[in-house]
Amino acid sequence: MDTLQNKGGRFALPAALALLLWAVPARSQQNTCLDCHGAMDPPLQVTAEQFARDIHSQKGLSCASCHGGDPTEAGPEAMSKKAGFRGKVERGQVPEFCGRCHSDAAFMRQYNPSLRTDQLAQYKTSVHGMRRAQGDQKVAVCTDCHGVHDLRPASDTRSKVNPLNIAETCSRCHANGEYMKGYNIPTDQFANYRASVHYEAMTVRGDLSAPTCTTCHGNHGAAPPGVASVKNVCSTCHAFQSQMFEKSSHKAAFESRGLPGCVVCHSNHGVKHPSDAMLSTGPQAVCARCHTPGDRCDRATASIHADLLRLQGAIRDADAVLAVAESSGMEVSEARLNQDQARDALTKARVTIHSFRRELVDQDLQAGLKVTAVNLQAGEGALRERNYRRLGLAVSVIAILIVLFGLRAYIRLLEQNGTST
Amino acid sequence: MGATEPSNPSRRRRRFVEALLGGGLFASFASFVYPVLRYLIPPPLADLGGDEVVAAKTGELRAGTSKVFRFGSRPGLLLMTAEGEYRALSAVCTHLSCTVQYRGDLHQIWCACHNGLYDLNGRNVSGPPPRPLEVFQVHVRGDEVVVSRKREA
Amino acid sequence: MRLLARTGEWLGERFHWEELIGPLAKKTVPVHRLTPWYFLGGITLFLFGIQVCTGILLLLYYRPGANEAFESVQYIMTRVQFGWLVRSIHSWAANLMILTAFAHMFSVLFLQAYRKPRELTWISGMALLFLAMGFGFSGYLLPWNTLAFFATKVGTEITGQVPVVGHGMMVFLRGGEDVTTATLTRFFGFHVAVLPGLTVLFILVHLALVQYFGMSLPPGVEARWKTNPGEARAMKFFPNFFLRELMAWYIALGALGALAAIWPWELGTKADPFAPAPAGIRPEWYFMFMFQTLKKIPAKLWFLDGEVAGILVFGAAGGLWLLLPFFDSMAGGRGRRWVLGAGIFGLGYMLAMTVYGYLAK
């Protein structure tokens, strides 16, 4: 209304009023359901504002599209069997209820041709779906995750199934020890995930492609990936590490012991930002869990760890020198830019570790060390230039001081000889 | 100067003061003039570029090859597609800021750090990169390939 | 020295130049407790000379235009030999010049050197001070870095607040509705052509007036010397005063060199017109007292918009300041006390607001 008034000026106001007068009775005629249900108490309450947010309502569907009945009828006859009223849907029936439309490709094409129609089929393969088939009423059905009556599309950041909110949504059951009693699965996944690097990537760095529960477990077909398929799940993003791991000696070793790939070292829900200390002998060390101290691998690991630290140290040293040069006004942006290459090399070396081959890691590390050496030189050159400037300053200051002394002496001479009055 | 010449020792003092002053003035002038003269010599590299930078000479790249050039304070990537068309993009991977490279064999842009892949329009197609690469404009001007930032003002 | 004398003789045979500079040779400077304040004008003049020299040197490599300005200054700072020195001296000397110009103005005010017959000297001096601030404002933008870009945006925006003519003035300054490359071109033109021309003109007038009236004596000293003529002392302007002035210039030079070598002037980051304004935008320090006042002024003053009121007050204050000498002779001795009071209040206000501006962030 505001925009109408602002744009149309004098003419728009009566037009808008007319529209309002016409619109109000027209809407109440169309859907009488909300007249009553808007005023009811939960759980029967559905207000007009609530329903207006719902994607189904926005696409032109009304209450009757799902629940049947005759919304043009004002009295209780609207909910008669004769009018095709279906009423409240039993919890156990929800997936099939939604599936009536959502599994019908021909129907869905009218509204969103690119939306998949296999959710119900997938759901039946999920742990949720299989338990429901056995009569478990506690498992999640569509509405538990998607909500009902104010259901927003997943792309909406306020949706419960938006990537930003999924973990929270799953946690409502899976982190509830009371509710999960009897299922014999842990309830600390959400707490772990909240401390993980993936959660940080998602919420702090705003990287919506970072994984949340459904990325690894699937959404409608949610199930834990098995031991053999864990690394396939990780490798959808961490392709490089996976390729290297595939070719490494660890693949066979892990398989023969039934160890679940990546998770052995990195854990699953609580995966932390990997640190070089994982290669060390300290409390974060992961190699030492299997390897015995002093064996061939242990020695290689120790030397790789030392070299990683060496490159890090070299980067830090060059950075420090460049920072000093910069803060004393020297221009070292070129070397600063090249420092990124050294950091690239370090990042690459850390990836290459997954090949578990000393010589490959070495290549990356050497490349990084070479770059930092050049940058360090540039920084030291800048510092020499700074000192050269200060020397130049000292020389000219000496000359200036000589002139000042000369002038003073000259003035004194002049005035001693009585040239002043 | 205009004063009557005094006799005796003060004459020697006067000469010393004049020499000191003259020498000082000369030295200080030299220390002012020297930097100015050096300043006047044009530096060998004539340009630091702007929002526009000469990324390469024509003929420097063959189809399916690329080079990294400096664009302001960040690296940029200039590549020639298999069809012989120039493309220029930011070379900073949107994942962890590694420098990306062109893979002629894949017809894609590849980040060696975590195997991120972008298509030639900079869109992130696989691997960890969360966002597309910034795309620059490329013009060929004479024998220079000029890259500029897309902007209205 | 002998060569100098001979050249003088040679010229004298042809031009009678001694007659031309005769008044200068006869000029004397009174010697008393407050004589050191007489140096400030000369130091300001010297710094202006430095600005002209380094400015011309910078012109060799500087290129105006939003695409190139920042890069060309970066080029001067990094690639051109001693470019860092030339630019740093230009920036430091600019600030020192404003500082000495302000000090000169206040010393003249407190020593009451503006008294009849020197009203016009005061006015030409004030014009020079305004011109110097114009130099500062226009020069600040030329490197086209983020801080300068936004400070200019704010500064010209304030001009736009002036009733009736404000918007026109803002468009004139910006060369359009917004701060763009057109603004940079304009400011460059002001900075290297318009302002230097006007400044040279006013300097000539100012010096001619100073020369014509001779040095002013503070009223206290004047009264004492009148009752006791034996106390009156003076030195010749040339060479005695001039050589001392030369010492001051050399000290200023040494200070400039040291500042430039130890704290080279920063360049900052290139301005991005589409980026959000960074925190801590602030103008050059000599505009700080106005900036801070406008920031702290209530949104509504009586029936006026607070900011507009502030600008009007500053405009009126500037105008009155310019006409300060004419209030001096008004209402007998009371006028002089008013002028002194205004001077002390003005200085105190500027100092307090500047300090507040820097502390308050």
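This text follows the structure it describes.
Keep in mind that what you see is a predicted model, and the values were worked out from it rather than measured.

A. Summary view of the overall build of chain B. Check the secondary structure of chain B and you find 1 helix and 10 strands. Ordered by position from the N terminus, the helices and strands of chain B form the series α-β-β-β-β-β-β-β-β-β-β. A burial count over chain B gives 31% of its 153 residues as buried. Long-range pairs, those at least 24 residues apart, make up 33% of the contacts in chain B between residues at least 6 apart in sequence.

B. Up close: the overall build of chain C. Secondary structure assignment for chain C yields 16 helices and 4 strands. By the burial criterion, 34% of the 361 residues in chain C qualify as buried. At a minimum sequence separation of 6, the contacts of chain C that also span at least 24 residues come to 75%.

C. View of the environment of Arg350(A). Residues and elements named next belong to chain A. Mapped onto the fold, Arg350 is located in helix H22 (residues 333–352). Overall, Arg350 belongs to the buried group, with 21 C-beta atoms counted inside 10 Å. The spatial distance from the C-alpha of Arg350 to the C-alpha of Asp364 is 9.0 Å, given a sequence separation of 14 residues.

D. Looking closely at the interface of chain B and chain A. Chain B puts 26 residues into the contact, and the matching count from chain A is 30 residues. For the side of chain B that touches chain A, the class distribution of residues is 14 nonpolar, 10 polar and 2 charged.

E. Representation of unusual backbone geometry. Cis geometry is found at the peptide bond from Lys116(C) to Pro117(C), where omega equals 10°. Considering the arrangement of structural elements, one finds Pro117(C) in the loop between helix H6 (83–110) and helix H7 (119–141). For Ser267(A), which is not a glycine, the phi torsion comes out positive at approximately 65°. Within the secondary structure layout, Ser267(A) lies in the loop between helix H20 (263–266) and helix H21 (296–327).

F. Seen up close, the nonpolar core. Leu47(C), Ile89(C), Ala93(C), Met97(C) and Trp144(C) are the most contacted members of the largest nonpolar core, which totals 79 residues. Beyond its immediate sequence surroundings of up to four residues, Ala93(C) is in contact with Leu47(C), Ile50(C), Gln51(C), Thr54(C) and Leu256(C).

G. Inspection of the environment of Ala299(C) at higher detail. In this structure, Ala299(C) sits in the loop between helix H13 (288–296) and strand S3 (300–301). Sequence separation between Ala299(C) and Ala309(C) is 10 residues, and the spatial gap between their C-alpha atoms is 9.6 Å.

H. How the structure looks around the sheet that holds strand S4 (residues 86–90) of chain B. All names here are of chain B. Judged by pairing direction, the sheet is antiparallel, and its 6 strands sit side by side in the order S1-S10-S9-S4-S3-S2 without closing on themselves. Every other strand in the sheet has two partners, leaving strand S1 (52–57) and strand S2 (66–71) as the edge strands with one partner each. Within this sheet the neighbouring strands show an average axis-to-axis angle of 30°, counted without direction. In this sheet, strand S9 (residues 135–141) lies alongside S4 in antiparallel orientation, the contact comprising 2 bridges. Paired with Ala88 across the two strands is Phe136, which belongs to S9.

I. Representation of the sheet that holds strand S5 (residues 101–103) of chain B in the model. Residue and element names in this part refer to chain B. As summarised here, the arrangement of the 4 strands in space is S5-S6-S7-S8, forming an open sheet in which the pairing is antiparallel. Among the strands making up the open sheet, the edge pair consists of S5 and strand S8 (124–126). Pairwise comparison of adjacent strand axes, ignoring direction, gives a mean angle of 40° for this sheet. Strand direction decides the pairing type here: strand S6 (residues 108–111) and strand S7 (residues 116–118), joined by 3 bridges, are antiparallel. Residue pairing in the sheet places Ile109 in a bridge with Tyr118 of S7.

J. Expanded view of the packing of H21(A) against H22(A). Residue and element names in this part refer to chain A. Contact geometry of H21 with H22 gives a least axis separation of 11 Å together with a crossing angle of 165°. If you check the angle between H21 and H22, you find them roughly antiparallel. The element H21 and its partner H22 pack so that their crossing is left-handed. Here Leu308, Leu311, Gln312, Ile315, Ala318, Asp319 and Leu322 of H21 lie close against H22, whose contacting residues are Ala335, Arg336, Gln339, Ala342, Arg343, Leu346 and Ala349. Partitioned by chemical class, the residues of the contact of H21 with H22 number 9 nonpolar, 2 polar and 3 charged.

About the thresholds
- Residues numbered from 1 in each chain as written.
- Chains lettered and ligands numbered in written order.
- Predicted model: local features only at pLDDT ≥ 70, side-chain atom pairs only at ≥ 80, totals over all residues.
- Helix = DSSP H or I, 4+ residues; strand = E, 2+ residues; numbered from the N terminus.
- Buried ≥ 20, exposed ≤ 12 C-beta atoms within 10 Å, placed from the backbone.
- Contact = placed C-beta atoms within 7 Å.
- Nonpolar A, V, L, I, M, F, W, Y, C, P; charged D, E, K, R; others polar.
- Core = buried A, V, L, I, M, F, W, Y, C linked by C-beta atoms within 7 Å.
- Pairing = 2+ DSSP bridges.
- Axes fitted to C-alpha atoms, helices over the stretch in contact; angles between N-to-C directions.
- Parallel < 35°, antiparallel > 145°, perpendicular 65-115°, else oblique.
- Left-handed = near helix turned anticlockwise from the far one by under 90°.

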